[in-house]
Amino acid sequence: MDGRHMQIGEVADRTGLSLRTIRHYEEVGLALPTARSQGGFRLYTDDDVTRLLVVKRMKPLGFTLEEMRDLLDILDRLQAADTSEPTRNDLTKRLAVYRSLVEERCEKIRTRLADAEQFSAELSTELRKHRS
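Residues numbered from 1 in each chain as written. Predicted model: local features only at pLDDT ≥ 70, side-chain atom pairs only at ≥ 80, totals over all residues. Heavy atoms only, no water.

1. Details of the nonpolar core
Heads up, the condition is: Among the buried residues, those of types Ala, Val, Leu, Ile, Met, Phe, Trp, Tyr and Cys that are joined through side-chain atoms within 4.5 Å form a nonpolar core. Type-normalised accessible area, obtained with a 1.4 Å probe on protein chains alone, sets the label of each residue: buried when under 20%, exposed when over 50%, and partly exposed for intermediate values. Counting from the N terminus, the helices are DSSP H or I runs at least four residues long and the strands are E runs at least two residues long. Any two residues whose heavy atoms approach within 4.5 Å are treated as being in contact.
V11, I22, Y25, L30 and L52 are the most contacted members of the largest nonpolar core, which has 25 residues in total. Elements with a contribution of two residues or more to this core: helix 1 (8–15), helix 2 (19–27), helix 3 (46–58), helix 4 (65–79) and helix 5 (85–131). Apart from the residues lying within four places of it in its own chain, the contact partners of Y25 are L17, L30, A31, L52, V55 and K59.

So this is what it looks like as structure tokens:
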């Protein structure tokens, strides 16, 4: 990170999230801005953007707010230098459970996408038959 702070508009551009969504994630405690300007504007760092991207990626996979909080806590604690080795081992096991959940949910999405693509192809075929 370069130590530079970004306002919420730039964060929205970088993450593809709306200003409203970013504010909501702050309200529910998932992604707090690192600082505020003297004028009260939210100020974010690259680490804050990374955190918002984790939340953004979990949302379409159906994770609850509590699961999002738990995973973010795991990631934060694994990155902390003062995390003991036994705690780190426990956190790694919990992270592996989330990784498995993500894989399961991705597979379900791939199946749904394949079904949707098949349906689209069937409709295209039907459309071609009736246009001729």
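The rest of the description comes next.
2. Section: the environment of H130
Spelled out, the test is: For this analysis, a polar contact is any N or O atom pair within 3.5 Å, provided that within protein one partner can donate a hydrogen and the other can accept it, and provided that sequence-adjacent residues contribute only side-chain to side-chain pairs.
With respect to the element layout, H130 can be found in helix 5. Within polar-contact distance, the side chain of H130 engages the side chain of E126 at 2.6 Å.

3. Points about the packing of helix 3 against helix 4
The following threshold applies: Axis angles are defined between N-to-C directions and span 0 to 180 degrees, where every axis is a line fitted to C-alpha atoms and, for a helix, only to the segment in contact. Should an angle fall under 35 degrees it is called roughly parallel, over 145 degrees roughly antiparallel, and 65 to 115 degrees roughly perpendicular, with every other angle called oblique. Two helices that cross are described as forming a left-handed crossing if the nearer one is turned anticlockwise from the farther one by less than a right angle, and a right-handed crossing if clockwise. Put simply, Ala, Val, Leu, Ile, Met, Phe, Trp, Tyr, Cys and Pro go in the nonpolar bin, Asp, Glu, Lys and Arg in the charged bin, and everything else, Gly too, in the polar bin.
The interhelical angle for the contact between helix 3 and helix 4, taken along N-to-C directions, is 140°, at an axis separation of 11 Å. With respect to each other, helix 3 and helix 4 are oriented oblique. Our pair here, helix 3 against helix 4, has a crossing hand that is right-handed. Here R51, V54, V55 and M58 of helix 3 come into contact with helix 4, specifically with E67, M68, L71, L72, L75 and D76. In the contact of helix 3 with helix 4, the residues fall into 7 nonpolar, no polar and 3 charged.

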